[in-house]
Amino acid sequence: MQLKIYNSLSGEKEIFHPIHDNSVGMYVCGPTVYSNVHLGNVRTFMSFDFIYRTLMFLGYKVRYVRNITDAGHLTDDGNVDNDRFVKQSRLEKLEPMEVVQKYTVDFHKVLDLFNLLPPNIEPTATGHILEQIELTKQLIEKGFAYESNGSVYFDVLEYNRRGLNYGELSRRNIEELFANTRDLDGQGEKKNPQDFALWKKASPAHIMRWNSPWGEGFPGWHIECTAMSTKYLGEKFDIHGGGMDLKFPHHECEVAQGKACNGTEPVNYWMHANMLTMNGQRMSKSTGNYILPMELVTGDNDFFEKAFDPSVVRFCFMQAHYRSVLDISNDAMLAAEKGFTRLMDAVQLLESDKIVGSTVSSIEVDGWQQRCTDALLDDFNSPILIAHLFEAVKWIYLLAEKKETVSADDLQKLKRSMHDYVFEVLGLKKTERANDDKLDQTLQILIDLRNQARQARNFELSDQIRDRLKAEGIELKDGKEGTGYSLS
Ligand code: AMP
Ligand code: ZN
């Protein structure tokens, strides 16, 4: 088994070698919890959920850390008075930590809706202020950072003077960067416009503030991720992920902080998930081109003609490779719904008694299984995996019509693998309709057993089945056509 991962640092697909045997340390930048996550944010978190699930399916023991940014992420103009949390708390007339709590709860609810697994550790920036101060102190001691008017900045030119190459992840050239930057943030405080804040002095109006060796202030956004990833995964770890738009400056700054502090690349494999667009334009709060996840699921929006089940949304996202742009539109969702239904119907048919094992197989299950796993090993290729699952869907219908045969062994393998790929790896869930069908099948089994008990004159058992179902709100009704049921 050889897993290949596209590494943004090298710009190539590389064979994955974890640092410790079979264990993987993975850090993914979490949400900034000052407003509701939109569907674009969900796509990035889902991409990494799929990667996490795949790593576990391939047998790795994963420590997955995804943070919550609940302090220090300034608005794009970098103005200290435009701290996102402080701004939102004024708007909503809430304490900043009430804003944080409100949107953290929303974030978890949304991810749960789309069946994302929780990470192993979910640290918050405000819970790691001491670690961030400690790192900032170290960077000053090593000569990579300087204090200026109560704030501390990372010295990008000094970093480059020591041959450490700022810009290596985003492949930006430092001269170009200097030429293209307007010094809006920290005017007059920085030695160079590209220097970024490790610690910011709080203005009198700034409510979220902590004590530090440099006076009262709050940490920069980039240092937060370095502090938390180092604390839980070590100075050097396997995988760091996030959306494509975080590559610069956020991840570039993380690389710089890690190398400056510890003298080594902090991350072996940098992974970047591509963007969700809607009607051809990137989904983003600031342009207004966005939809909230709940609006898509309830149908309460102006973009889509109907409501879509969360699993249909998940299926739609999984049909695109995590490194490709995905455009979501009404037609794309309708097509995904069709595909998802066909897949789920086949899974249900495979689990039913319409397909039974015979002595030989006319289909080649081992080869198919291998192709599915190969798709996963090739940089987590979910669309190719789905294409292979549809090969199996074709077989399933042919098996039900007795036009193909499958041995009992191969049937078990096919069932197991379909289950693993569909539910464990892709993280799809049966919809309400599928659950209703399952309940119906289960009740038919109980009705059959009750009839058999009655025929055998075992009235004690037949009554027990009827009474226990009734106690659960399911009433059996005997009629001329047989036994039916109603649910209360
Ligand atoms: P934020 O809360 O703004 O830090 O964003 C959380 C995550 O969502 C980051 O990894 C972003 O890269 C990602 N993200 C933002 N917009 C989109 C989009 N349109 N499509 C996919 N991911 C996005
Ligand atoms: Zn981060």
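Conventions used here
Residues numbered from 1 in each chain as written. Chains lettered and ligands numbered in written order. Predicted model: local features only at pLDDT ≥ 70, side-chain atom pairs only at ≥ 80, totals over all residues. Heavy atoms only, no water. Helix = DSSP H or I, 4+ residues; strand = E, 2+ residues; numbered from the N terminus. Buried < 20%, exposed > 50% of the residue type's maximum accessible area, 1.4 Å probe, protein only. Contact = heavy atoms within 4.5 Å. Areas by Shrake-Rupley, 256 points an atom, 1.4 Å probe, with all protein chains shown as cover. Lys, Arg positive; Asp, Glu negative; His and termini not counted. Charge placed at Lys NZ, Arg CZ, Asp CG, Glu CD. Near = heavy atom within 4 Å. Polar contact = N/O pair within 3.5 Å; in protein donor to acceptor, adjacent residues only side chain to side chain. Nonpolar A, V, L, I, M, F, W, Y, C, P; charged D, E, K, R; others polar. Pairing = 2+ DSSP bridges. Right-handed = clockwise from strand over helix to strand, strands pointing away. Domains from an automatic or database assignment. Buried area = accessible area lost by both parts, 1.4 Å probe. Salt bridge = Lys/Arg side-chain N within 4 Å of Asp/Glu carboxyl O. Expected span 1.5 Å × (residues − 1). Core = buried A, V, L, I, M, F, W, Y, C linked by side-chain atoms within 4.5 Å.

### A few points about the overall build of the protein chain
Here comes step 1: Of regular secondary structure, the protein chain possesses 16 helices and 15 strands.
Here comes step 2: Along the three orthogonal principal directions, the C-alpha set of the protein chain runs to about 90 × 50 × 40 Å.
Here comes step 3: When the 488 residues of the protein chain are sorted by exposure, 53% land in the buried category.
Here comes step 4: Of all intrachain contacts in the protein chain linking residues separated by at least 6 positions in sequence, the fraction that spans at least 24 positions is 74%.
Here comes step 5: In the structure as shown, the protein chain presents an accessible area of about 22,200 Å², 49% of it carried by carbon and sulfur atoms.
Here comes step 6: Side-chain charges in the protein chain split into 56 positive and 71 negative, and the spacing between the mean points of these groups amounts to 2 Å.

### Considering the site of ligand 1
Here comes step 1: Around ligand 1 sit 15 residues, and of these Gly40, Thr44, Asp245, Leu276 and Met283 come closest.
Here comes step 2: Here a nitrogen atom of ligand 1 sits 2.8 Å away from a polar atom, N or O, in the main chain of Met283.
Here comes step 3: Relative to its unbound accessible area of 500 Å², ligand 1 is 90% covered by the protein chains.
Here comes step 4: Top element by residues in the shell around ligand 1 is helix α1 (residues 39-57). It accounts for four residues.
Here comes step 5: A per-class count over the shell around ligand 1 returns six nonpolar, seven polar and two charged.

### Notes on the environment of Leu449
Here comes step 1: Its place among the elements puts Leu449 in helix α15 (residues 432-455).
Here comes step 2: Leu449 sits in the partly exposed class, given a relative accessible area of 41%.
Here comes step 3: Between the C-alpha atoms of Leu449 and Phe317, which are 132 residues apart in sequence, the distance is 42 Å.

### A short note on the pairing of strand β10 (residues 267-273)
Here comes step 1: The buried fraction of β10 amounts to six of the seven residues, a majority that puts the element mostly inside the structure.
Here comes step 2: Of the strand pairs in this sheet, strand β9 (residues 237-243) and β10 are connected by six bridges, and their pairing is parallel. Residue pairing for β10: Phe237 is matched across the bridge by Val267.
Here comes step 3: Once you follow β9 into helix α8 (residues 247-262) and on to β10, the crossover reads as right-handed.

### Describing the domain arrangement of the protein chain
Here comes step 1: Its domain assignment divides the protein chain into domain 1 (4-273), domain 2 (295-434) and domain 3 (438-487).
Here comes step 2: For domain 1 and domain 2, the distance between their C-alpha centroids amounts to 36 Å.
Here comes step 3: Counting from both sides, the interface comprises 25 residues of domain 1 and, opposite them, 31 residues of domain 2.
Here comes step 4: Contact between domain 1 and domain 2 buries roughly 2,400 Å² in total, counting both sides, with carbon and sulfur atoms accounting for 69%.
Here comes step 5: Counting the surface domain 1 buries against domain 2, the share from its top three residues, Arg43, Phe50 and Phe57, is 29%.
Here comes step 6: The interface formed by domain 1 and domain 2 contains two salt bridges.
Here comes step 7: Between Asp378 and Lys13 there is a salt bridge, with its nearest N and O atoms 2.8 Å apart.
Here comes step 8: Scanning the region where domain 1 abuts domain 2 turns up 12 residue pairs in polar contact (both at pLDDT 80 or more).
Here comes step 9: For the side of domain 1 that touches domain 2, the secondary-structure elements that each account for two or more residues are β1 (4-7), α1 and β10.
Here comes step 10: Within the side of domain 1 that touches domain 2, the residues separate by chemical class into 16 nonpolar, four polar and five charged.

### Let's talk about helix α13 (residues 382-400)
Here comes step 1: The end-to-end C-alpha distance of α13 is 27 Å, a good match for the 27 Å that 19 residues give at a rise of 1.5 Å each.
Here comes step 2: Three or more residues of α13 are buried, namely Ser382, Leu385, Ile386, His388, Leu389, Ala392, Val393, Trp395, Ile396 and Leu399.
Here comes step 3: Taken together, the buried residues of α13 touch α1, α10 (310-318), α11 (330-351), α12 (365-377) and α14 (408-425).
Here comes step 4: Two to three positions downstream of the cap, the backbone nitrogen of Ile384 sits 3.3 Å from a side-chain oxygen, assigning the N-cap of α13 to Asn381.
Here comes step 5: Two residues or fewer past α13, Lys402 is found with a positive phi of approximately 60 degrees.

### A few points about the nonpolar core
Here comes step 1: Core analysis: the largest hydrophobic core is formed by 92 residues, its most contacted members being Leu39, Leu55, Phe317, Ile328, Trp368, Leu389 and Met418.
Here comes step 2: Both domains that meet at this core, namely domain 1 (4-273) and domain 2 (295-434), each give it at least three residues.
Here comes step 3: Not counting residues up to four positions away in its chain, the partners in contact with Leu39 are Phe114, Leu276, Met283, Ile291, Pro293, Leu296, Val313, Phe317 and Ile328.
Here comes step 4: Of all hydrophobic cores here, the second largest spans 40 residues; its members include Ala125, Ile129, Phe196 and Trp199.

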